[in-house]
Amino acid sequence: MRVLFASFLLLIATSCAPDGNGETVERLEMRLSGWSSLDIVIDAQGNGAYEDSEPYPDGKTGRFKLTQSELLELLAKLEPYRAQAVPFSEESAMGFIKRTCPKGVPKVTDAGAFYSRWLTANHDIHYLADFGCDPERLADRNRELLQVVEGLPIPSGR
């Protein structure tokens, strides 16, 4: 029971602090892309909206609500990736677009990607995971990121 309680406290302490200053994530944006795309936006109160490009041709949109506990859990799951995020700028966004796998690293085309952007009162940072770059070595990371999105209360038509 103590371990569970300690884990819960750690979750609360870290999940809303994108830079260690205790700032609240005011807006979380995520995109899962591949053969289709799923765009998700969640605010600090847990209000979410999504736009799925499937079913073709018009896709579907919707809204959902996360409890404070669910929002904190989501942010905690994304924390390891937020820690690797870089400040958002036109230059960093273009760097994501132009990024390729390092020479000699296995590459699979059309494997998709996961993108996330955290906006706080003082920071705007983002992260990109290309699922096709070194997919075997990064399989656990890719699976974790997919599970984060699949765990959201969005109707599955994929």
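About the cut-offs
- Residues numbered from 1 in each chain as written.
- Predicted model: local features only at pLDDT ≥ 70, side-chain atom pairs only at ≥ 80, totals over all residues.
- Heavy atoms only, no water.
- Axes fitted to C-alpha atoms, helices over the stretch in contact; angles between N-to-C directions.
- Helix = DSSP H or I, 4+ residues; strand = E, 2+ residues; numbered from the N terminus.
- Parallel < 35°, antiparallel > 145°, perpendicular 65-115°, else oblique.
- Left-handed = near helix turned anticlockwise from the far one by under 90°.
- Contact = heavy atoms within 4.5 Å.
- Nonpolar A, V, L, I, M, F, W, Y, C, P; charged D, E, K, R; others polar.
- Disulfide = S-S within 2.5 Å.
- Buried < 20%, exposed > 50% of the residue type's maximum accessible area, 1.4 Å probe, protein only.

1. Brief notes about the packing of helix α2 (residues 68-82) against helix α4 (residues 139-150)
Now for step 1: Packing of α2 against α4 brings their axes to within 11 Å, and their N-to-C directions diverge by 150°. Taken as axis vectors, α2 and α4 run roughly antiparallel relative to one another. For the pair α2 and α4, the crossing hand works out as left-handed. Where α2 abuts α4, its residues L74, K77, L78 and Y81 lie against R141, E144, L145 and V148.
Now for step 2: A breakdown of the residues in the contact of α2 with α4 according to their chemical character gives five nonpolar, no polar and three charged.

2. As for the state of the cysteines
Now for step 1: The full count for this structure, using the stated rule, is one disulfide.
Now for step 2: One disulfide in the model links C101 with C133; its S-S distance is 2.2 Å. Residue C101 is found in the loop between α3 (90-98) and β6 (113-119), and its partner C133 is found in the loop between β7 (124-130) and α4; the two are separated by 32 residues along the sequence.
Now for step 3: Residue C101 is classed as buried on the basis of its relative accessible area, which comes to 14%.
Now for step 4: For C133, a relative accessible area of 14% corresponds to the buried category.

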